[in-house]
Amino acid sequence: MLAQRTTRIAVSPTMKVAAEAMRLKAQGVDIVDLGAGEPDFPTPTHVSAAAHAAIDGHFTKYTTNSGTDELKQAVCARYRQDFGVEYTPAEAIITAGGKQALYNAAMCLFGPGDEVITHMPGWPTLVEQIKLSEATPVIVRTHAEDGFRLRAQTVLDALTSNTRGIVINSPGNPTGALIDEADLAAIADEAARRGIWILLDLCYEKLIYDTTPHNLPRVLAERMRDHTVLCGSASKAYAMTGWRCGWALAPAALVNACNALQSHSTSNVCSITQKAATAALTGPQKCVTDMLDEYRRRRDQLCEWLAAEPRLRLQKPAGAFYLFPDVSEFLSPDGIRTSAALAQALLDDARVAITAGEAFDAPGFIRLSYATSMDQLKRGSERIIEFVRALEKRGNAVA
Ligand SMILES: Cc1ncc(COP(=O)(O)O)c(C=O)c1O
(Lines give C-alpha, C1' and ligand atoms only; values in the text may rest on other atoms or scores of the structure.)
Protein backbone atom coordinates (compact mmCIF):
# COMPACT_ATOMS: atom_id res chain seq x y z
CA MET A 1 0.00 0.00 0.00
CA LEU A 2 1.19 3.46 -0.78
CA ALA A 3 1.18 6.38 1.58
CA GLN A 4 -2.02 8.37 1.80
CA ARG A 5 -0.45 11.48 0.26
CA THR A 6 0.01 9.67 -3.05
CA THR A 7 -3.75 9.52 -3.42
CA ARG A 8 -3.88 13.31 -3.53
CA ILE A 9 -1.74 13.72 -6.63
CA ALA A 10 -1.37 12.34 -10.15
CA VAL A 11 1.49 12.35 -12.65
CA SER A 12 1.77 15.67 -14.44
CA PRO A 13 -0.65 15.37 -17.40
CA THR A 14 1.53 17.65 -19.51
CA MET A 15 4.39 15.20 -19.11
CA LYS A 16 2.15 12.26 -20.09
CA VAL A 17 1.42 13.77 -23.51
CA ALA A 18 5.11 14.46 -24.06
CA ALA A 19 5.94 10.85 -23.18
CA GLU A 20 3.34 9.48 -25.60
CA ALA A 21 4.55 11.68 -28.45
CA MET A 22 8.15 10.72 -27.67
CA ARG A 23 7.23 7.01 -27.73
CA LEU A 24 5.56 7.31 -31.14
CA LYS A 25 8.43 9.35 -32.54
CA ALA A 26 10.88 6.72 -31.31
CA GLN A 27 8.87 4.15 -33.30
CA GLY A 28 9.46 6.24 -36.40
CA VAL A 29 5.92 7.66 -36.62
CA ASP A 30 5.83 11.08 -38.30
CA ILE A 31 4.46 13.16 -35.42
CA VAL A 32 4.21 16.93 -35.50
CA ASP A 33 4.90 17.71 -31.87
CA LEU A 34 3.16 20.82 -30.60
CA GLY A 35 3.00 19.39 -27.11
CA ALA A 36 6.41 20.34 -25.82
CA GLY A 37 6.62 22.77 -22.93
CA GLU A 38 10.24 23.54 -23.62
CA PRO A 39 12.36 25.57 -26.03
CA ASP A 40 13.54 23.74 -29.15
CA PHE A 41 16.67 25.92 -29.28
CA PRO A 42 19.98 24.48 -28.16
CA THR A 43 21.41 25.86 -24.93
CA PRO A 44 23.55 28.90 -25.89
CA THR A 45 27.13 27.94 -26.68
CA HIS A 46 28.76 30.10 -24.01
CA VAL A 47 26.55 28.45 -21.40
CA SER A 48 27.49 24.93 -22.47
CA ALA A 49 31.15 26.02 -22.63
CA ALA A 50 31.00 27.00 -18.96
CA ALA A 51 29.75 23.51 -18.15
CA HIS A 52 32.56 21.90 -20.15
CA ALA A 53 35.04 24.06 -18.27
CA ALA A 54 33.46 23.02 -14.96
CA ILE A 55 33.94 19.35 -15.79
CA ASP A 56 37.48 19.88 -17.08
CA GLY A 57 38.30 21.89 -13.95
CA HIS A 58 36.87 19.10 -11.78
CA PHE A 59 34.13 21.29 -10.40
CA THR A 60 32.21 18.08 -9.84
CA LYS A 61 31.71 17.81 -6.11
CA TYR A 62 28.96 18.84 -3.72
CA THR A 63 28.46 22.57 -3.48
CA THR A 64 26.84 24.43 -0.62
CA ASN A 65 23.35 23.00 -0.38
CA SER A 66 21.64 26.30 -1.24
CA GLY A 67 23.88 26.89 -4.26
CA THR A 68 27.24 28.46 -4.96
CA ASP A 69 27.75 31.98 -3.76
CA GLU A 70 28.67 33.12 -7.28
CA LEU A 71 25.36 31.83 -8.69
CA LYS A 72 23.32 33.34 -5.87
CA GLN A 73 25.16 36.63 -6.50
CA ALA A 74 24.38 36.28 -10.21
CA VAL A 75 20.66 35.78 -9.54
CA CYS A 76 20.57 38.79 -7.21
CA ALA A 77 22.46 40.93 -9.74
CA ARG A 78 20.09 39.96 -12.56
CA TYR A 79 17.01 40.81 -10.52
CA ARG A 80 18.62 44.11 -9.51
CA GLN A 81 19.34 44.93 -13.14
CA ASP A 82 16.09 43.64 -14.64
CA PHE A 83 13.62 44.67 -11.94
CA GLY A 84 15.40 47.09 -9.64
CA VAL A 85 14.84 44.88 -6.58
CA GLU A 86 17.54 44.30 -3.95
CA TYR A 87 18.21 40.79 -2.67
CA THR A 88 21.29 39.34 -1.00
CA PRO A 89 22.64 35.78 -1.35
CA ALA A 90 21.26 35.03 2.14
CA GLU A 91 17.83 35.58 0.60
CA ALA A 92 18.47 33.28 -2.37
CA ILE A 93 18.38 29.53 -2.87
CA ILE A 94 19.27 27.63 -6.04
CA THR A 95 16.84 24.82 -6.84
CA ALA A 96 16.28 22.02 -9.34
CA GLY A 97 14.20 24.18 -11.67
CA GLY A 98 11.54 26.70 -10.81
CA LYS A 99 9.44 23.69 -9.86
CA GLN A 100 11.54 22.92 -6.80
CA ALA A 101 11.63 26.58 -5.80
CA LEU A 102 7.82 26.60 -5.75
CA TYR A 103 7.67 23.19 -4.05
CA ASN A 104 10.09 24.19 -1.30
CA ALA A 105 8.12 27.36 -0.63
CA ALA A 106 4.76 25.55 -0.56
CA MET A 107 6.09 22.90 1.82
CA CYS A 108 7.68 25.47 4.13
CA LEU A 109 4.73 27.86 4.23
CA PHE A 110 1.50 25.91 3.91
CA GLY A 111 -0.13 23.16 5.94
CA PRO A 112 -3.40 21.60 7.06
CA GLY A 113 -6.21 24.11 7.53
CA ASP A 114 -4.61 26.69 5.26
CA GLU A 115 -6.28 27.86 2.07
CA VAL A 116 -4.05 28.79 -0.82
CA ILE A 117 -5.46 30.62 -3.81
CA THR A 118 -4.29 30.01 -7.35
CA HIS A 119 -5.76 30.55 -10.79
CA MET A 120 -6.97 28.32 -13.60
CA PRO A 121 -6.64 27.63 -16.50
CA GLY A 122 -3.14 27.17 -15.23
CA TRP A 123 -0.14 24.99 -14.72
CA PRO A 124 -1.35 21.91 -12.81
CA THR A 125 1.76 21.58 -10.65
CA LEU A 126 0.84 24.69 -8.70
CA VAL A 127 -2.36 23.04 -7.46
CA GLU A 128 -0.70 19.68 -6.84
CA GLN A 129 2.00 21.30 -4.74
CA ILE A 130 -0.62 23.00 -2.59
CA LYS A 131 -2.27 19.60 -2.08
CA LEU A 132 1.08 18.01 -1.21
CA SER A 133 1.56 20.64 1.46
CA GLU A 134 -1.81 19.46 2.87
CA ALA A 135 -3.34 22.89 2.42
CA THR A 136 -6.58 23.36 0.48
CA PRO A 137 -6.29 24.83 -3.01
CA VAL A 138 -8.83 27.54 -3.74
CA ILE A 139 -9.15 27.95 -7.49
CA VAL A 140 -10.16 31.24 -9.04
CA ARG A 141 -10.93 31.27 -12.73
CA THR A 142 -9.83 33.51 -15.56
CA HIS A 143 -11.80 33.69 -18.79
CA ALA A 144 -11.08 33.64 -22.50
CA GLU A 145 -13.46 36.60 -23.07
CA ASP A 146 -11.24 38.63 -20.75
CA GLY A 147 -7.97 37.46 -22.29
CA PHE A 148 -7.46 35.08 -19.32
CA ARG A 149 -6.33 38.04 -17.22
CA LEU A 150 -6.23 37.45 -13.48
CA ARG A 151 -8.25 40.30 -11.98
CA ALA A 152 -7.60 41.58 -8.49
CA GLN A 153 -11.27 41.47 -7.52
CA THR A 154 -11.51 37.77 -8.38
CA VAL A 155 -8.69 37.02 -5.98
CA LEU A 156 -9.90 39.40 -3.29
CA ASP A 157 -13.36 37.77 -3.41
CA ALA A 158 -11.75 34.39 -2.65
CA LEU A 159 -9.93 35.55 0.51
CA THR A 160 -11.07 34.11 3.82
CA SER A 161 -9.66 34.18 7.31
CA ASN A 162 -7.92 30.88 6.44
CA THR A 163 -6.10 32.21 3.38
CA ARG A 164 -2.40 31.73 3.91
CA GLY A 165 -1.03 32.17 0.41
CA ILE A 166 -1.67 33.21 -3.17
CA VAL A 167 0.27 31.61 -6.04
CA ILE A 168 0.40 33.62 -9.25
CA ASN A 169 1.96 32.63 -12.56
CA SER A 170 2.54 35.41 -15.09
CA PRO A 171 3.15 35.09 -18.03
CA GLY A 172 0.87 32.15 -17.59
CA ASN A 173 1.06 28.63 -18.86
CA PRO A 174 -1.06 27.71 -20.86
CA THR A 175 -2.72 31.04 -21.67
CA GLY A 176 0.28 33.35 -22.10
CA ALA A 177 -1.74 35.95 -20.18
CA LEU A 178 -0.11 38.61 -18.01
CA ILE A 179 -1.45 39.99 -14.78
CA ASP A 180 -1.60 43.79 -14.81
CA GLU A 181 0.72 45.52 -12.38
CA ALA A 182 -2.29 47.39 -10.98
CA ASP A 183 -4.15 44.15 -10.29
CA LEU A 184 -1.12 42.64 -8.56
CA ALA A 185 -0.69 45.83 -6.53
CA ALA A 186 -4.29 45.69 -5.33
CA ILE A 187 -3.88 42.03 -4.36
CA ALA A 188 -0.57 42.78 -2.64
CA ASP A 189 -1.98 45.67 -0.62
CA GLU A 190 -4.67 43.44 0.82
CA ALA A 191 -2.29 40.49 1.27
CA ALA A 192 0.14 42.75 3.15
CA ARG A 193 -2.67 43.94 5.43
CA ARG A 194 -3.64 40.36 6.24
CA GLY A 195 -0.14 38.82 6.40
CA ILE A 196 -0.74 36.53 3.41
CA TRP A 197 2.18 35.21 1.36
CA ILE A 198 2.39 35.71 -2.41
CA LEU A 199 4.39 33.21 -4.45
CA LEU A 200 5.19 34.49 -7.91
CA ASP A 201 6.00 31.95 -10.60
CA LEU A 202 8.18 33.92 -13.01
CA CYS A 203 9.25 30.97 -15.12
CA TYR A 204 8.28 32.77 -18.38
CA GLU A 205 9.32 36.25 -17.26
CA LYS A 206 11.73 36.65 -20.21
CA LEU A 207 9.11 35.65 -22.75
CA ILE A 208 6.92 38.73 -23.09
CA TYR A 209 6.36 39.95 -26.63
CA ASP A 210 5.39 43.60 -26.29
CA THR A 211 6.80 46.35 -24.14
CA THR A 212 4.15 46.07 -21.44
CA PRO A 213 4.89 47.24 -17.90
CA HIS A 214 5.32 43.95 -16.04
CA ASN A 215 7.67 44.55 -13.16
CA LEU A 216 5.94 42.18 -10.77
CA PRO A 217 8.94 41.67 -8.48
CA ARG A 218 9.06 45.39 -7.77
CA VAL A 219 5.31 45.65 -7.22
CA LEU A 220 5.60 43.02 -4.49
CA ALA A 221 8.96 44.09 -3.07
CA GLU A 222 7.63 47.61 -2.55
CA ARG A 223 4.51 46.46 -0.77
CA MET A 224 5.19 43.20 1.03
CA ARG A 225 8.81 42.16 0.67
CA ASP A 226 8.62 40.16 3.92
CA HIS A 227 5.81 37.96 2.52
CA THR A 228 7.02 37.65 -1.09
CA VAL A 229 8.58 34.64 -2.78
CA LEU A 230 9.99 35.19 -6.28
CA CYS A 231 10.48 31.88 -8.11
CA GLY A 232 12.50 31.98 -11.31
CA SER A 233 14.12 29.54 -13.68
CA ALA A 234 16.84 29.22 -16.29
CA SER A 235 14.75 26.63 -18.14
CA LYS A 236 12.72 28.65 -20.63
CA ALA A 237 14.72 31.87 -20.88
CA TYR A 238 18.04 30.18 -21.65
CA ALA A 239 16.80 26.95 -23.25
CA MET A 240 18.08 24.99 -20.26
CA THR A 241 15.16 22.74 -19.29
CA GLY A 242 17.30 19.61 -18.92
CA TRP A 243 19.93 21.27 -16.75
CA ARG A 244 17.42 21.76 -13.92
CA CYS A 245 18.17 25.14 -12.48
CA GLY A 246 15.84 27.59 -10.81
CA TRP A 247 15.88 29.79 -7.75
CA ALA A 248 13.81 31.49 -5.11
CA LEU A 249 14.33 34.95 -3.66
CA ALA A 250 12.56 35.34 -0.33
CA PRO A 251 13.07 36.49 3.25
CA ALA A 252 16.11 34.80 4.82
CA ALA A 253 14.06 32.85 7.38
CA LEU A 254 12.04 31.19 4.61
CA VAL A 255 15.16 30.58 2.51
CA ASN A 256 16.71 28.88 5.55
CA ALA A 257 13.69 26.61 5.92
CA CYS A 258 13.77 25.77 2.19
CA ASN A 259 17.47 25.08 2.54
CA ALA A 260 16.83 22.62 5.39
CA LEU A 261 14.11 20.86 3.37
CA GLN A 262 16.31 20.65 0.29
CA SER A 263 19.28 19.43 2.36
CA HIS A 264 17.28 16.32 3.26
CA SER A 265 15.90 15.67 -0.20
CA THR A 266 17.88 16.62 -3.30
CA SER A 267 20.80 18.61 -1.80
CA ASN A 268 22.54 21.07 -4.10
CA VAL A 269 21.72 21.47 -7.77
CA CYS A 270 24.32 19.74 -9.99
CA SER A 271 27.60 21.65 -9.66
CA ILE A 272 28.11 21.71 -13.45
CA THR A 273 24.64 23.10 -14.00
CA GLN A 274 25.36 25.85 -11.51
CA LYS A 275 28.42 26.96 -13.49
CA ALA A 276 26.34 26.94 -16.67
CA ALA A 277 23.54 28.95 -15.06
CA THR A 278 26.05 31.48 -13.73
CA ALA A 279 27.31 31.97 -17.30
CA ALA A 280 23.72 32.32 -18.53
CA LEU A 281 22.78 34.97 -15.98
CA THR A 282 26.01 36.99 -16.11
CA GLY A 283 26.78 36.62 -19.82
CA PRO A 284 25.33 38.44 -22.83
CA GLN A 285 21.54 38.44 -22.82
CA LYS A 286 21.23 38.73 -26.59
CA CYS A 287 20.57 34.98 -26.83
CA VAL A 288 17.40 35.56 -24.82
CA THR A 289 16.10 38.34 -27.04
CA ASP A 290 17.06 36.45 -30.19
CA MET A 291 14.97 33.49 -29.06
CA LEU A 292 12.14 35.81 -28.07
CA ASP A 293 12.18 37.40 -31.54
CA GLU A 294 11.94 33.98 -33.15
CA TYR A 295 9.08 32.94 -30.84
CA ARG A 296 7.27 36.14 -31.81
CA ARG A 297 7.62 35.37 -35.52
CA ARG A 298 6.30 31.87 -34.91
CA ARG A 299 3.41 33.07 -32.79
CA ASP A 300 2.34 35.56 -35.44
CA GLN A 301 2.70 33.07 -38.26
CA LEU A 302 0.89 30.26 -36.45
CA CYS A 303 -1.97 32.60 -35.54
CA GLU A 304 -2.22 33.61 -39.19
CA TRP A 305 -2.26 30.01 -40.42
CA LEU A 306 -4.86 28.92 -37.87
CA ALA A 307 -7.02 31.96 -38.62
CA ALA A 308 -7.97 30.12 -41.84
CA GLU A 309 -10.35 28.18 -39.58
CA PRO A 310 -12.18 30.86 -37.57
CA ARG A 311 -14.04 28.30 -35.46
CA LEU A 312 -10.71 27.61 -33.77
CA ARG A 313 -11.21 30.60 -31.54
CA LEU A 314 -7.85 31.92 -30.44
CA GLN A 315 -6.19 35.01 -29.10
CA LYS A 316 -2.65 36.14 -29.61
CA PRO A 317 -0.86 35.45 -26.32
CA ALA A 318 1.15 38.21 -24.65
CA GLY A 319 3.81 35.89 -23.30
CA ALA A 320 5.19 32.31 -22.96
CA PHE A 321 5.10 30.12 -26.09
CA TYR A 322 1.66 28.58 -26.26
CA LEU A 323 -1.58 29.19 -28.14
CA PHE A 324 -4.69 28.20 -26.23
CA PRO A 325 -7.61 28.03 -28.66
CA ASP A 326 -11.19 27.24 -27.72
CA VAL A 327 -12.17 24.13 -29.68
CA SER A 328 -15.64 23.68 -28.26
CA GLU A 329 -17.22 24.26 -31.68
CA PHE A 330 -15.77 20.96 -32.80
CA LEU A 331 -17.11 18.92 -29.91
CA SER A 332 -20.49 17.24 -29.87
CA PRO A 333 -22.33 14.61 -27.80
CA ASP A 334 -22.49 12.26 -30.81
CA GLY A 335 -18.92 12.62 -31.97
CA ILE A 336 -15.78 13.80 -30.25
CA ARG A 337 -17.16 14.87 -26.92
CA THR A 338 -14.24 16.42 -25.08
CA SER A 339 -11.05 18.30 -25.82
CA ALA A 340 -9.19 15.34 -24.26
CA ALA A 341 -10.78 13.05 -26.85
CA LEU A 342 -9.96 15.58 -29.55
CA ALA A 343 -6.31 15.63 -28.45
CA GLN A 344 -6.19 11.84 -28.58
CA ALA A 345 -7.83 11.79 -32.02
CA LEU A 346 -5.41 14.43 -33.29
CA LEU A 347 -2.52 12.24 -32.15
CA ASP A 348 -4.00 8.97 -33.45
CA ASP A 349 -5.42 10.19 -36.77
CA ALA A 350 -3.72 13.47 -37.66
CA ARG A 351 -0.38 12.66 -36.01
CA VAL A 352 -0.22 15.97 -34.19
CA ALA A 353 0.68 16.02 -30.49
CA ILE A 354 -1.02 18.77 -28.52
CA THR A 355 -2.11 19.06 -24.90
CA ALA A 356 -5.78 18.91 -23.98
CA GLY A 357 -7.21 21.78 -21.96
CA GLU A 358 -8.25 19.26 -19.30
CA ALA A 359 -4.59 19.19 -18.21
CA PHE A 360 -4.97 22.85 -17.23
CA ASP A 361 -8.46 22.56 -15.77
CA ALA A 362 -9.89 24.05 -18.96
CA PRO A 363 -12.00 21.54 -20.89
CA GLY A 364 -12.96 22.81 -24.34
CA PHE A 365 -9.50 24.20 -25.04
CA ILE A 366 -6.25 22.80 -26.40
CA ARG A 367 -2.68 24.01 -25.92
CA LEU A 368 -0.37 24.27 -28.90
CA SER A 369 3.28 24.93 -28.20
CA TYR A 370 5.12 27.00 -30.79
CA ALA A 371 8.50 26.15 -29.32
CA THR A 372 9.23 24.25 -32.50
CA SER A 373 10.33 25.01 -36.05
CA MET A 374 8.30 27.04 -38.52
CA ASP A 375 8.14 23.99 -40.77
CA GLN A 376 6.61 21.89 -37.98
CA LEU A 377 4.16 24.67 -37.18
CA LYS A 378 3.06 24.86 -40.80
CA ARG A 379 2.55 21.12 -41.07
CA GLY A 380 0.87 21.02 -37.66
CA SER A 381 -1.59 23.79 -38.49
CA GLU A 382 -2.43 22.16 -41.85
CA ARG A 383 -3.05 18.80 -40.19
CA ILE A 384 -5.21 20.31 -37.46
CA ILE A 385 -7.32 22.31 -39.89
CA GLU A 386 -7.73 19.38 -42.23
CA PHE A 387 -8.73 17.17 -39.30
CA VAL A 388 -11.35 19.49 -37.82
CA ARG A 389 -12.85 20.19 -41.25
CA ALA A 390 -13.15 16.46 -41.91
CA LEU A 391 -14.91 16.13 -38.55
CA GLU A 392 -17.50 18.58 -39.69
CA LYS A 393 -18.10 16.60 -42.87
CA ARG A 394 -18.71 13.57 -40.70
CA GLY A 395 -21.36 15.61 -38.89
CA ASN A 396 -19.37 15.95 -35.70
CA ALA A 397 -19.29 19.69 -35.23
CA VAL A 398 -22.11 21.28 -33.30
CA ALA A 399 -22.78 24.18 -35.63
C1 LIG B 1 4.18 27.87 -15.31
C2 LIG B 1 5.40 27.08 -15.05
N3 LIG B 1 6.09 27.32 -13.93
C4 LIG B 1 7.21 26.63 -13.63
C5 LIG B 1 7.68 25.66 -14.47
C6 LIG B 1 8.91 24.93 -14.02
O7 LIG B 1 9.89 24.78 -14.93
P8 LIG B 1 11.35 24.36 -14.43
O9 LIG B 1 11.18 23.50 -13.23
O10 LIG B 1 11.94 23.66 -15.60
O11 LIG B 1 12.03 25.65 -14.09
C12 LIG B 1 6.99 25.36 -15.66
C13 LIG B 1 7.45 24.30 -16.57
O14 LIG B 1 6.82 23.93 -17.50
C15 LIG B 1 5.82 26.10 -15.96
O16 LIG B 1 5.13 25.90 -17.08
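Now for a description of the structure that goes with this document. For every chain, the first residue of its written sequence is number 1, and the numbers climb from 1 along that sequence. pLDDT decides what is reported in this predicted model: residues at 70 or higher carry local features, side-chain atom pairs at 80 or more are listed and counted, and totals for whole chains, interfaces and linings draw on all residues regardless. With hydrogens and water stripped out, all remaining heavy atoms of the structure feed into the side-chain values.

1. Some remarks on the pairing of strand E4 (residues 136–141)
The side chains of a regular strand alternate, first on one face of the sheet and then on the other. Pairing between strand E3 (residues 115–120) and E4: six bridges, direction parallel. Across the sheet, the residue bridging to Glu115 is Thr136, located in E4. With helix H5 (residues 124–132) bridging E3 and the parallel E4, this β-α-β connection has right-handed handedness. Two strands qualify as a pair provided that DSSP identifies no fewer than 2 bridges between them. Under the DSSP-based scheme used, a helix requires at least four consecutive residues in state H or I and a strand at least two consecutive residues in state E, with every element numbered from the N terminus. Here, the term right-handed applies to a crossover whose path from the first strand over the helix to the second runs clockwise when the strands point away from the viewer.

2. Quick notes on the site of the ligand
Whether a residue is near a molecule or strand depends on its heavy atoms: it is near if one of them lies within 4 Å of it. Taken together, 13 residues lie around the ligand, and Gly98, Asp201, Ser233, Ser235 and Arg244 are the ones closest in. With respect to the ligand, the side chain of Asp201 contributes an N or O atom lying 2.5 Å from a nitrogen atom. Residues adjacent in sequence count toward polar contacts only when both atoms are side-chain atoms; beyond that, a polar contact is any pair of N or O atoms within 3.5 Å, and within protein one must be able to donate a hydrogen and the other to accept it. In the model, an oxygen atom of the ligand is placed 2.6 Å from a nitrogen or oxygen of the Ser235 side chain. Each accessible area is a Shrake-Rupley estimate made with a 1.4 Å probe; only the visible protein chains count as cover when residues are assessed. Within the complex, 92% of the 400 Å² of free accessible area of the ligand lies under protein. Here the element with the most residues in the shell around the ligand is helix H4 (residues 97–109); it accounts for three residues. All residues other than Ala, Val, Leu, Ile, Met, Phe, Trp, Tyr, Cys, Pro, Asp, Glu, Lys and Arg, Gly among them, are scored as polar; the first ten of these are nonpolar and the last four charged. For the shell around the ligand, the per-class residue count stands at three nonpolar, six polar and four charged.

3. Things to note about the pattern of salt bridges
Salt bridges are defined by distance alone: a side-chain nitrogen of Lys or Arg within 4 Å of a carboxyl oxygen of Asp or Glu. This structure, assessed with the given rule, holds 31 salt bridges. Between Lys206 and Asp82 there is a salt bridge, and its shortest N-O distance comes to 2.4 Å. With Lys206 in the loop between strand E6 (197–201) and helix H8 (216–224) and Asp82 in helix H3 (residues 69–83), the pair connects residues that are 124 residues apart, well separated along the chain. The salt bridge involving Arg296 is made with Asp293; its shortest N-O contact spans 2.9 Å. Taken together, the positions of Arg296 and Asp293, both in helix H11 (residues 286–306) and three residues apart, correspond to about one turn of that helix. Overall, the relative accessible area of 23% leaves Arg296 in the partly exposed class. For every residue, the accessible area (1.4 Å probe, protein chains only) is compared with the maximum for its type, and the residue is labelled buried under 20%, exposed over 50%, or partly exposed between those bounds. By relative accessible area, which is 32% here, Asp293 ends up partly exposed. Through salt bridges with shared partners, one network takes in Asp40, Glu294, Arg297 and Arg298.

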